[in-house]
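Observations on chain architecture
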Amino acid sequence: MSTTAPHSFTVPGMNCQGCVKRMREAIQAEDTQAEVTGEPGEKHLSVESSLDTARLSALLEQAGYPPATHPPETTTSTTDDSASATSSSGDRHDTEATRDGGPVRLSLSGMTCAGCVNTITQALNATPGVRSASVNFGSHTAEIFGDARPQQLVDAVEAVGYGAEPIEDLGQAARTREQNEAHEYRQRLRDTALGLIPGVLLMGSMLFHPPQLSGPERWVWLLIGVVTLGIMATAGRRFFINAWKTFRHHQANMDTLIAVGTGTAWLYSMTVVLIPEAIPVAARGLYFEASVMIIGLISLGNAMELRARGRTSRALNRLLDLQAPTARVIRDGNEHDVPLEEVAVDDWIRVRPGERLAVDGRVEEGDSHVDESMLTGEPQPVAKHPGDEVSAGTVNGRGTLVYIATRIGADSRLGRIVEQVASAQNSRPPIGTLADRISAIFVPSVLIIAVLTALVWFNFGPAPQLVHMLVTATTVLIIACPCALGLATPMSTMIGVGKAAEHGILVRDGDALQTASKLTTLVVDKTGTLTEGRPRVTSAQWATEDTHTALSWVAALERGSEHPLAEALGDYADQQGVTQTALPELREFQALSGRGVIAVTDTGQSLRLGNAALMREGDVELGQAQRWGAELEDKAQTPLYLAADGQVMGVFGISDPLREDSRDAVARLQADGIEVVMLTGDNAHTARAVAQALGIARVEAELLPEDKREIVAQLQRDGHLVGMTGDGINDAPALAQANVGFAIGQGTDVAIESAGITLMRNSLHGVADAIEISRATLRNIKQNLWGAFGYNGLGIPIAAGVFYPLTGMLLSPIVAAVAMSLSSVTVVSNANRLRLFKSTARRAKTSEEAA
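Procedures and definitions
- Residues numbered from 1 in each chain as written.
- Predicted model: local features only at pLDDT ≥ 70, side-chain atom pairs only at ≥ 80, totals over all residues.
- Heavy atoms only, no water.
- Helix = DSSP H or I, 4+ residues; strand = E, 2+ residues; numbered from the N terminus.
- Areas by Shrake-Rupley, 256 points an atom, 1.4 Å probe, with all protein chains shown as cover.
- Contact = heavy atoms within 4.5 Å.
- Buried < 20%, exposed > 50% of the residue type's maximum accessible area, 1.4 Å probe, protein only.
- Expected span 1.5 Å × (residues − 1).
- Pairing = 2+ DSSP bridges.
- Axes fitted to C-alpha atoms, helices over the stretch in contact; angles between N-to-C directions.
- Core = buried A, V, L, I, M, F, W, Y, C linked by side-chain atoms within 4.5 Å.
- Parallel < 35°, antiparallel > 145°, perpendicular 65-115°, else oblique.
- Left-handed = near helix turned anticlockwise from the far one by under 90°.
- Phe/Tyr/Trp six-rings, centres within 6.5 Å; stacked < 30°, edge-to-face > 60°.
- Salt bridge = Lys/Arg side-chain N within 4 Å of Asp/Glu carboxyl O.
- Patch = residues over 30% accessible without salt bridge, like charges linked within 9 Å, V, L, I, M, F, W, Y side chains within 5 Å.
- Nonpolar A, V, L, I, M, F, W, Y, C, P; charged D, E, K, R; others polar.
- pLDDT = per-residue confidence, 0-100.

1. Focus on the overall build of the protein
For the protein, the helix and strand inventory stands at 30 helices and 29 strands. Only carbon and sulfur atoms are counted for the fraction: they give 55% of the accessible area of the protein, which is about 36,800 Å².

2. Some details on the side chain of Ser291
Within the secondary structure layout, Ser291 lies in helix H9 (residues 288-309). With sequence-adjacent residues up to four places away left out, Ser291 is seen in contact with Thr228, Met232, Thr262, Ala265 and Trp266.

3. Section: the environment of Glu158
Within the secondary structure, Glu158 sits in helix H4 (residues 150-159). With a relative accessible area of 42%, Glu158 lands in the partly exposed category. Sequence spacing of Glu158 and Ala123 is 35 residues, and the spatial spacing of their C-alpha atoms is 9.5 Å.

4. A few points about helix H27 (residues 765-800)
Under the 1.5 Å per step criterion, the end-to-end length of H27 is 52 Å for 36 residues, consistent within 8% with the ideal 52 Å. At the C-terminal side of H27, Gly801 shows a positive phi close to 95°.

5. Considering the sheet that holds strand E19 (residues 536-542)
With respect to topology, six strands assemble into an open sheet ordered E19-E24-E23-E22-E21-E20, the strand pairing being antiparallel. Bordering the open sheet on either side are E19 and strand E20 (586-592), each of which pairs with just one other strand. Recorded for the sheet is a direction-independent mean angle of 15° between the axes of neighbouring strands. One ladder, built from five bridges, connects E20 with strand E21 (residues 596-601); its direction is antiparallel. Paired with Arg587 across the bridge in E21 is Val600.

6. A look at helix H6 (residues 216-234)
Along its 19 residues, H6 runs 28 Å from first to last C-alpha, staying within 8% of the 27 Å computed at 1.5 Å per residue. Trp221, Leu222, Gly225, Thr228, Ile231 and Met232 are the residues of H6 that are buried.

7. Considering the sheet that holds strand E3 (residues 44-49)
Note: strands within a sheet are paired through backbone hydrogen bonds, in either parallel or antiparallel orientation. Strand order in the open sheet formed by three strands is E1-E3-E2, and the pairing between neighbours is antiparallel. Among the strands making up the open sheet, the edge pair consists of strand E1 (5-10) and strand E2 (35-39). Across the sheet, the mean angle separating the axes of adjacent strands is 15° when strand polarity is ignored.

8. Focus on the nonpolar core
Residues Leu106 and Leu124 are the most contacted members of the largest nonpolar core, which totals 128 residues. The element that contributes the greatest number of residues to this core is H27, accounting for 14 residues. In this structure Leu106 touches Leu124, His140, Thr141, Ala142, Ile144, Leu153, Val154, Val157, Ala164, Glu165, Pro166 and Ile167, once residues within four positions along its chain are discounted.

9. Re the packing of helix H12 (residues 413-426) against helix H15 (residues 482-502)
Two elements in contact, H12 and H15, have axes whose closest approach is 8 Å; the angle formed by their N-to-C orientations is 150°. Here H15 runs roughly antiparallel to H12, going by the angle between their axes. Judged by the sense of rotation from one axis to the other, the crossing of H12 with H15 is right-handed. Facing H12, whose interface residues are Val421, Ala424 and Gln425, H15 presents Thr493, Met494, Val497, Gly498 and Ala501.

10. Focus: unusual backbone geometry
Residue Ala463 is joined to Pro464 through a cis peptide bond whose omega torsion reads -5°. Tracing the backbone shows Pro464 in the loop between helix H13 (433-460) and helix H14 (465-479). In this structure, Asp645 takes a positive phi of about 50° despite not being glycine. By the element assignment, Asp645 lies in the loop between strand E23 (638-644) and strand E24 (647-655).

11. With respect to the pairing of strand E27 (residues 722-726)
In terms of burial, E27 is largely enclosed, as five of its five residues are buried. Pairing analysis gives four bridges linking E27 to strand E28 (residues 740-743), with the strands arranged parallel. From the neighbouring strand, Thr725 faces E28, where its bridge partner is Phe742.

12. A few points about the packing of aromatic side chains
This structure, assessed with the given rule, holds five aromatic pairs. Geometrically, the ring pair formed by Trp542 and Phe652 is edge-to-face, given 5.4 Å between the ring centres and 90° between the ring planes. Residue Trp542 is located in strand E19, and its partner Phe652 is located in strand E24; the two are separated by 110 residues in the primary sequence. The exposure class of Phe652 is buried, given its relative accessible area of 1%. Through pairs of rings, three or more aromatic residues link up here, namely Trp542, Tyr572 and Phe652.

13. Here's the deal with the pairing of strand E16 (residues 401-407)
Burial runs high along E16: five of the seven residues are buried. By the bridge criterion, four bridges tie strand E10 (residues 348-351) to E16 in an arrangement that is antiparallel. For Ile349, the partnering residue across the bridge sits in E16 and is Tyr403. In the sheet, strand E11 (residues 360-365) pairs with E16 via five bridges, with the strands oriented antiparallel. Note on E16: the bridge partner recorded for Glu365 is Val402.

14. Section: the pattern of salt bridges
Inspection of every chain in the model, using the stated rule, returns 23 salt bridges. The closest approach of N and O atoms between Glu617 and Arg595, which form a salt bridge, is 2.7 Å. You can see Glu617 sitting in helix H20 (residues 612-617) and its partner Arg595 sitting in the loop between E20 and E21, a full 22 residues away along the chain. For Glu617, a relative accessible area of 42% translates into the label partly exposed. Salt bridges linked by common partners bring Glu184, Arg188, Arg190, Asp191 and Arg238 together as one network.

15. Description of a nonpolar patch on the surface
Together, Leu189, Leu300, Met304, Val818 and Leu822 give the surface a local cluster of nonpolar side chains, amounting to about 360 Å² of exposed area. Listing elements by their share of the nonpolar patch, those giving two or more residues are H9 and helix H29 (813-832). Tracing the backbone shows Leu300 in helix H9.

16. Section: the packing of H6 against helix H8 (residues 254-274)
Between H6 and H8, whose axes approach to 10 Å, the crossing angle comes to 160°. Here H8 runs roughly antiparallel to H6, going by the angle between their axes. The hand of the H6/H8 crossing is left-handed. Of H8, the residues touching H6 (which contributes Arg218, Trp221, Leu222, Gly225, Thr228, Leu229 and Met232) are Thr262, Gly263, Trp266, Met270, Val273 and Leu274. The residue inventory of the contact of H6 with H8, partitioned by class, reads eight nonpolar, four polar and one charged.

17. Things to note about the environment of Ala817
Looking at the secondary structure, you find Ala817 in helix H29. The exposure class assigned to Ala817 is buried, which follows from its relative accessible area of 0%. Other than its neighbours up to four places away in sequence, Ala817 contacts Ile294, Leu297, Ile298 and Ile478.

18. Some points on the environment of Gln380
As for its placement among the helices and strands, Gln380 is situated in the loop between helix H11 (373-376) and strand E13 (382-384). Residues Gln380 and His369 lie eleven residues apart in sequence; the distance between their C-alpha atoms is 9.2 Å.

19. Considerations on the confidence of the model for the protein
The predicted structure's coordinates, where accompanied by low pLDDT, should not be read in detail. Counting all residues, the mean pLDDT for the protein is 82, and 89% of those residues have values of 70 or more. With pLDDT under 50 throughout, residues 70-101 is counted as low confidence; its partners more than four residues away or in other chains account for 98 contacts. Scored below 50 in pLDDT, residues 747-751 shows nine contacts in the model against residues more than four places distant or in partner chains.

What follows is the structure in structure tokens.
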């Protein structure tokens, strides 16, 4: 039997527990017994495996995480998982969003369809130093992870015929994009008028007076042909320029189809005018009006699409609008209003009543209430006093605050939220990969179909074959719409992620969004999730008369601990008159996860403070204390025991009140078809009492962090798709194991950086909102994809004339242009329906208010 050995790696590309999970899966595919743990903050990966170092390195490289050539100098303990706790993750694609300088974003120009997206994506991914690149047709932006310099990326895009500029500031980029889109919208309206007005007049004249290609009228039609060419060179100029660019780079896109279609119609018409004798009499048709009307109709469709597309980024724009442009900085005793970019860390800033806070900071002077609803969704203003943290983008109430800047710009909480929303909107759910693959070959396939259509009609069609060949081939080129395919996924993703942000939900990427829509089971940590997370001591039973000494031991044992129960015990000791300055010195201190703490006093007494399991480990005889503990458990209180030298000194009953909305949230999740499972390290009696109060059928108690992970893994093995909700401290292994992790509450920095989904408010309703939004978004994407596939699946055969034997009619290229334009507008409009989404909680509230 192979023996396992420990291995340590430094993995520069490891940024979150999602990365750890993908590396674990790669290793366990070859060694199922391997243990893989990682610390993203330290870039440190620990592996216990029967595989040798070389093979492990190869597997990591294949997974996309090549280890550094040197091992880490120190091995950091993995017991403190607070840095990785809120990493969730799931089976999401590699976003790798924490490169030292962050992702590089580019603003793109010249894109017209999904084929352009594929071309630019391939060019960026082929650039040295690029780990991954994604291009968003909806926002005309690209997001690139890796070490390539921005200029390299710009050069790569320009090399394939498109324009690119680095985005240094998201706010400025949004304003620039709005200005560019407004300018482009006006241009499209101008092109629409240039194409449609003469086209309609020309079509009307031809209905009343068929063209005569002899005598002076022939010169009139020649003049009309020249005027048509002028319209094509102005209103349709972009189609031909872009088609030529893509042709030079051996590519093809929607512009290619339009340029070939309208150009062919014009060339055929000019041939008829110049040398009519070369064309059979029955085939001497003129299609000048078709060329200009196609350009006008497609320009009108582009204008409508631009107007509808502009609404998709409103959520991100609203977040950007939360950033205050200036701050009132106190320097050298004087106050100055300075631009936001000139504010530095450690600057003192005054914020007056009603003003928006410019940067994150810590209150130094003053008292006020701050409206944080724009970040957390919580409607009630939060009291702020000296020492409290404040966030950029929030609004000060009636008081005046002076605070010191701790994080500025992109490092602020608002900045990180904006960054995450922008990244998520640029990501793609896995459901979009089919459309991506089809888009890559779509235009060449349409060109081949058009040629085959022309050959069939020329060789087997009825007279006049030339006319039928021209009409069908041109109509096939015009009706095909790669735009609808390209817009189907990104439009819905952008709006869905933005709608989630409006609900105080930060979605990490498209994979987390899609996976959340399919969850069948939600595993919920009790403390801080179902309960308020602020436990307090509600009763104490003593087995000693020297309670002051016992309480001083309690205060000393829990001093410095961040565990909620420790804080409750410390507060209780303070209330009983124990002073922090007179606490005994302790040595050999140990915090035992899920059980409690032990230490030895300076006089040699052995202390234990924790649950019954900790007492049993130390052979402490509970005696009467066991009955006290059982009574507390029956009251849904957690008993904690204090023992000295093997003797119980006292029992504390600790209660953590349920959140007011926990029961409603659990019921709502169950109504949505989600099985809720409660996990806790608390004792079984208390856990069952809480579960019964909330209507939760399955509860697992007295668990260690690794036990929670194993339960999640077992649920997955049983066929469940599992979400995990936790406070991000003791729940790290389970969060990493779950298909999607929900970091609930205000969250740490790492929660915002690496959680699959981060909830900015302390409510389980946020999880229900996230699941409902993800389901609505995926449903919308499927509608768009079905519409796009269905449109092309029906439109192209109809344009090729498959119904001609039954109807005796062919589809006009002009009608094809209308249909093509409407297909894109329909997809964008359907995506915009997501903006009207209301969660079941909000619908219920609206109904109550209406009643």
